[in-house]
Amino acid sequence: MYEGGNSSCSEGPGHVAIIMDGNGRWAESRGLPRLHGHRRGADRVREIVEACPELAISHLTLFAFSTENWNRPVAEVSGLMRLFRRYIKKEGARLVAEGVRVRFIGGRERLADDLRALMAGLEKQTERNNRLNLTVAINYGGRDEILRATRRMAAAVLAGDLSADDISTATIEDHLDTAGLPDPDLIVRTSGECRVSGFLPWQSAYAEFAFVDTRWPDFTVEQLAAQIQRFGQRERRFGAVAG
Ligand code: IPE
Ligand code: IPE
Ligand code: MG
């Protein structure tokens, strides 16, 4: 949550969010099926997660599947869903042991029951951890998130539990999937595309952005560290005058 005032970035980005893009092109350029790229991408997730504590990152948010990604071929979508299941089953114990608290954002209704149960189980298993806060966006779209929040607020107003005049930015934040989480300080997108594709539109109002050409399966901890160092040289003014 934005707290006002300008600041240098010398403290580093406590919250890094990553748009993990380029898996498909990584695979296609090697004559491999796109799903192979997604599997390689999942391997990178483990390395980046493990490196966060030493990079002083307390919150890591990863964009894994957008509300628009359902428009891909059925085989790619089901392959990705299988990968999410496998990742949770395979990495769950390691995440618990490493003190990672896992949360998922995005609409869950469209996901299969068993995947939803795995997600809820991992959230529960890790709820007491605090070494790293890992948030994974699955079936996430910023407009969809704001729409769902708006519906819940409207329902609360109708029920008499909320007065329209009392709706503040804090009320909106409390109804977003990211309620309770800080805003991202730095958003990184891999694979050379300079767009956000619906990622965290409300939360990124004052985020710093870094667009890197490397495709996600080739993105390394060293490259993340380099982006963090560059972040440290920026001055965030939050609309105020340079101090
Ligand atoms: C990102 O890689 C992963 C998802 C969107 C699920 P892409 O699959 O978008 O890879 P490109 O952009 O086609 O190369
Ligand atoms: C954004 O990537 C979503 C994820 C990385 C999960 P896309 O590949 O879906 O975005 P566009 O289609 O290039 O905008
Ligand atoms: Mg893409």
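Scroll up for the structure.
As the structure is a prediction and not an experimental result, all values here were calculated from the model.

The rules behind the values
Residues numbered from 1 in each chain as written. Chains lettered and ligands numbered in written order. Predicted model: local features only at pLDDT ≥ 70, side-chain atom pairs only at ≥ 80, totals over all residues. Heavy atoms only, no water. Core = buried A, V, L, I, M, F, W, Y, C linked by side-chain atoms within 4.5 Å. Buried < 20%, exposed > 50% of the residue type's maximum accessible area, 1.4 Å probe, protein only. Helix = DSSP H or I, 4+ residues; strand = E, 2+ residues; numbered from the N terminus. Contact = heavy atoms within 4.5 Å. Near = heavy atom within 4 Å. Polar contact = N/O pair within 3.5 Å; in protein donor to acceptor, adjacent residues only side chain to side chain. Areas by Shrake-Rupley, 256 points an atom, 1.4 Å probe, with all protein chains shown as cover. Nonpolar A, V, L, I, M, F, W, Y, C, P; charged D, E, K, R; others polar. Phe/Tyr/Trp six-rings, centres within 6.5 Å; stacked < 30°, edge-to-face > 60°. Pairing = 2+ DSSP bridges. Axes fitted to C-alpha atoms, helices over the stretch in contact; angles between N-to-C directions. Parallel < 35°, antiparallel > 145°, perpendicular 65-115°, else oblique. Left-handed = near helix turned anticlockwise from the far one by under 90°.

Novice: Just to check I follow, could you spell out the nonpolar core for this structure?
Specialist: One broad rule of soluble globular proteins: the nonpolar side chains tend to lie buried together. Among the nonpolar cores identified, the biggest contains 41 residues, and Ile 18, Ile 57, Leu 60 and Leu 134 are the most heavily contacted of them. With 6 residues, helix H3 (residues 74-97) is the largest single contributor of residues to this core. Look past the residues within four positions of Leu 60 in its chain and what remains in contact with it is His 15, Val 16, Ile 18, Ile 48, Val 49, Cys 52, Leu 132, Asn 133, Leu 134 and Thr 135. By size, the runner-up hydrophobic cluster in this structure holds 10 residues, among which are Ile 105, Ile 187, Phe 199 and Ala 207.

Novice: How do you make sense of the site of ligand 1 when you look at a structure like this?
Specialist: Inspection of the region around ligand 1 gives 13 residues, with Asp 21, Gly 24, Arg 25, Arg 34 and Arg 72 positioned closest. Between ligand 1 and Gly 22 there is a distance of 3.3 Å, counted from an oxygen atom to a backbone nitrogen or oxygen. Between ligand 1 and Arg 25 there is a distance of 2.7 Å, counted from an oxygen atom to a backbone nitrogen or oxygen. Expressed as a share of its isolated accessible area of 370 Å², the protein-covered part of ligand 1 is 87%. Elements that contribute at least two residues to the shell around ligand 1 include exactly helix H1 (23-28), helix H2 (34-51) and H3. Of all the elements, H1 adds the most residues to the shell around ligand 1, at 3 residues. Of the residues contributing to the shell around ligand 1, the split by class is 3 nonpolar, 5 polar and 5 charged.

Novice: Please explain the packing of aromatic side chains as it appears in this structure.
Specialist: Between two aromatic rings, the relevant description is the distance of the centres plus the angle of the planes. For the coordinates displayed, the defined rule picks out 8 aromatic pairs. Considering the side-chain rings of Phe 65 and Phe 84, the 6.3 Å spacing of their centres and the 85° angle between planes classify their relative orientation as edge-to-face. You can see Phe 65 sitting in strand E3 (residues 59-66) and its partner Phe 84 sitting in helix H3, a full 19 residues away along the chain. Using a relative accessible area of 12% as the deciding quantity, one classes Phe 84 as buried. Among the aromatic residues, ring-to-ring pairing joins Phe 63, Tyr 140 and Phe 199 into one connected group.

Novice: Would you explain the sheet that holds strand E2 (residues 15-19) in this entry?
Specialist: Two modes of strand pairing occur in sheets, parallel and antiparallel, and in both the strands are linked by backbone hydrogen bonds. Reading across from one edge, E4-E5-E3-E2-E6-E7 is the order of the 6 strands in this open sheet, with parallel pairing throughout. This sheet does not close on itself; its edge strands, each paired only once, are strand E4 (100-105) and strand E7 (208-211). Taking the axes of each pair of neighbouring strands and ignoring which way they run, one obtains an average angle of 20° across the sheet. Across 5 bridges, the pairing between E2 and E3 is parallel. Looking at the pairing, His 15 lines up with His 59 of E3. Together, E3, E4 and strand E5 (132-140) form the strand contacts of H3, whose direction differs from that of E3 by roughly 155°.

Novice: Would you explain the packing of H3 against helix H4 (residues 113-125) in this entry?
Specialist: Packing of H3 against H4 brings their axes to within 10 Å, and their N-to-C directions diverge by 20°. Overall, the two elements H3 and H4 adopt an arrangement that is roughly parallel. In terms of crossing hand, the pair formed by H3 and H4 is left-handed. Residues Met 81, Phe 84, Arg 85, Ile 88, Lys 89, Gly 92, Leu 95 and Val 96 of H3 lie in contact with H4, whose contacting residues are Asp 114, Leu 115, Leu 118, Met 119, Leu 122 and Gln 125. When its residues are assigned to classes, the contact of H3 with H4 shows 9 nonpolar, 2 polar and 3 charged.

Novice: How do you make sense of the site of ligand 2 when you look at a structure like this?
Specialist: With respect to spatial proximity, the complete set of residues near ligand 2 consists of Ile 19, Met 20, Asp 21, Phe 63, Ala 64, Phe 65, Asn 69, Arg 72, Arg 189, Arg 195 and Ser 197. One nitrogen or oxygen atom from the side chain of Asp 21 is found 3.2 Å from an oxygen atom belonging to ligand 2. Interatomic distance of 2.6 Å between a side-chain N/O atom of Ser 197 and an oxygen atom of ligand 2. Starting from 390 Å² of accessible surface for ligand 2 in isolation, the protein chains cover 78%. In the shell around ligand 2, the residues fall into 5 nonpolar, 2 polar and 4 charged.

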